Amino acid sequence: MLITFEGIDGAGKSTQVMKLKRYLQERGREVLALREPGGTPVAEEIRELLLESRNDITPVGELLLFAASRAELVQQVIRPALENGNDVILDRFYDSTTAYQGYGRGLDLDMLAEINRIASCSLVPDVTFYLDLTPEDALMRKFSEKSLPLAFESEELDRMENSGLDFYRRVREGYHKIGGENPNRIIIIDALLSPSEIHRKIISSIDALCTKTA
Ligand SMILES: Nc1ncnc2c1ncn2[C@@H]1O[C@H](COP(=O)(O)OP(=O)(O)OP(=O)(O)O)[C@@H](O)[C@H]1O
Ligand SMILES: [Mg+2]
């Protein structure tokens, strides 16, 4: 099964990926948890390029770097793992491209859909959990995590995180549109709930999905 997590930075994706990985492993599943961009040596180098705050990258360049990293990860790691019957949990996948580069940066959505299809080799997640949080709440989490005074720009944030509050508002609206267009795949969860409440919602969806496909 391919399970993906989406949401703006700080929404709680990594926290839930780890919890779900443990849950599935305890049930005897082989689980691979990966984050995007990254996951292969080349994809990790692309990640460095994308997140380094000193790098000045155009929106199209950014799009293609994310796509290149995804193509590596899908072909070298994700597809082989799924073919072996393992579960793969992804911390971000192509919905991030639609939300960030499409709704956030304003790139053409039809063009993005085509690039997403190419980069993911037409792989579609079985289920996607979108953790919904306002950019203000997300930023507060980030700064309290790093014990920093609250500011909307900081050297402590990476290049994507320093894109500004309006950018993140557009990204969040984008995620809502993507969720509305894919109601059978994307499950929207209020990210203000506690980590264990969110986890419970996630595992009940996963268990229901496993029963349906068994
Ligand atoms: N449900 C929650 N309620 C309150 N705080 C949370 C919750 N989930 C995670 N956190 C805290 O919020 C911060 C961000 O969480 P996490 O790293 O899981 O988010 P993320 O979506 O993976 O962020 P990024 O996109 O930056 O990797 C961490 O300090 C984490 O402990
Ligand atoms: Mg994370």
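That block above? That's the structure.
What counts and what doesn't
- Residues numbered from 1 in each chain as written.
- Chains lettered and ligands numbered in written order.
- Predicted model: local features only at pLDDT ≥ 70, side-chain atom pairs only at ≥ 80, totals over all residues.
- Heavy atoms only, no water.
- Helix = DSSP H or I, 4+ residues; strand = E, 2+ residues; numbered from the N terminus.
- Rg over C-alpha atoms; globule rule 2.2 N^0.38 Å.
- Buried < 20%, exposed > 50% of the residue type's maximum accessible area, 1.4 Å probe, protein only.
- Core = buried A, V, L, I, M, F, W, Y, C linked by side-chain atoms within 4.5 Å.
- Contact = heavy atoms within 4.5 Å.
- Salt bridge = Lys/Arg side-chain N within 4 Å of Asp/Glu carboxyl O.
- Pairing = 2+ DSSP bridges.
- Axes fitted to C-alpha atoms, helices over the stretch in contact; angles between N-to-C directions.
- Near = heavy atom within 4 Å.
- Polar contact = N/O pair within 3.5 Å; in protein donor to acceptor, adjacent residues only side chain to side chain.
- Areas by Shrake-Rupley, 256 points an atom, 1.4 Å probe, with all protein chains shown as cover.
- Nonpolar A, V, L, I, M, F, W, Y, C, P; charged D, E, K, R; others polar.

(A) Representation of the overall build of the protein. Along the backbone of the protein there are 8 helices and 5 strands. Helices (α) and strands (β) of the protein occur, in sequence order from the N terminus, as β-α-β-α-α-β-α-α-β-α-α-β-α. Its C-alpha atoms give the protein a radius of gyration of 17 Å, within 12% of the compact-globule value 17 Å for 214 residues. Judged by the C-alpha coordinates and their principal axes, the protein covers about 45 × 35 × 30 Å. Classification of the 214 residues of the protein by burial places 48% in the buried group.

(B) The nonpolar core, seen in detail. One finds Ile3 and Leu20 to be the most contacted residues of the largest nonpolar core, which totals 32 residues. Only β1 (2–6), α1 (13–26), α4 (94–104), β4 (127–132), α7 (165–181), β5 (186–190) and α8 (195–213) provide two or more residues apiece to this core. Once residues within four sequence positions are removed from consideration, Ile3 is found in contact with Leu20, Leu24, Val88, Ile89, Leu90, Val127, Phe129 and Ile206. Leu73, Val77, Ala81 and Phe93 belong to the second-largest nonpolar core, a separate cluster that totals 12 residues.

(C) Region of interest: the pattern of salt bridges. Overall, the coordinates contain 11 salt bridges when judged by the stated rule. Across the pair Glu36 and Arg70 runs a salt bridge whose closest N-O atoms are separated by 2.8 Å. Taken together, the residues Glu36 in the loop between β2 (31–35) and α2 (41–51) and Arg70 in helix α3 (residues 59–83) connect sequence positions 34 residues apart. Neither residue differs from the other here; Glu36 and Arg70 are each classed as buried. Residues joined by salt bridges that share partners form a network here, namely Glu136, Asp166 and Arg169.

(D) Structural detail: the pairing of β1. Burial runs high along β1: 5 of the 5 residues are buried. Neither face of β1 is open: one carries Leu2, Thr4 and Glu6, the other Ile3 and Phe5, and all of them are buried. The sheet contact formed by β1 and strand β3 (residues 87–91) spans 4 bridges and is parallel. When the sheet's bridge partners are listed, Thr4 is paired in β3 with Leu90. Where β1 meets β4, 4 bridges bridge the pair, whose relative direction is parallel. Counterpart to Thr4 in the pairing with β4 is Thr128.

(E) Fine view of the sheet that holds β4. Judged by pairing direction, the sheet is parallel, and its 5 strands sit side by side in the order β2-β3-β1-β4-β5 without closing on themselves. Each edge of the open sheet is held by one strand with a lone partner, namely β2 and β5. Pairwise comparison of adjacent strand axes, ignoring direction, gives a mean angle of 20° for this sheet. α7 contacts β1, β4 and β5 of the sheet and is inclined by roughly 145° relative to β4.

(F) Looking closely at the site of ligand 1. Residues in contact with ligand 1 amount to 18 residues; listed here are only the nearest, Lys13, Ser14, Thr15, Lys142 and Leu193. Ala11 places a polar main-chain atom, nitrogen or oxygen, 3.2 Å from an oxygen atom of ligand 1. Between an oxygen atom of ligand 1 and a side-chain N or O atom of Thr15, the distance comes to 2.5 Å. Relative to its unbound accessible surface of 630 Å², ligand 1 loses 73% to contact with the protein. Taken together, the elements giving at least two residues each to the shell around ligand 1 come down to α1, α6 (135–145) and α8. Its residues assigned to classes, the shell around ligand 1 shows 6 nonpolar, 5 polar and 7 charged.

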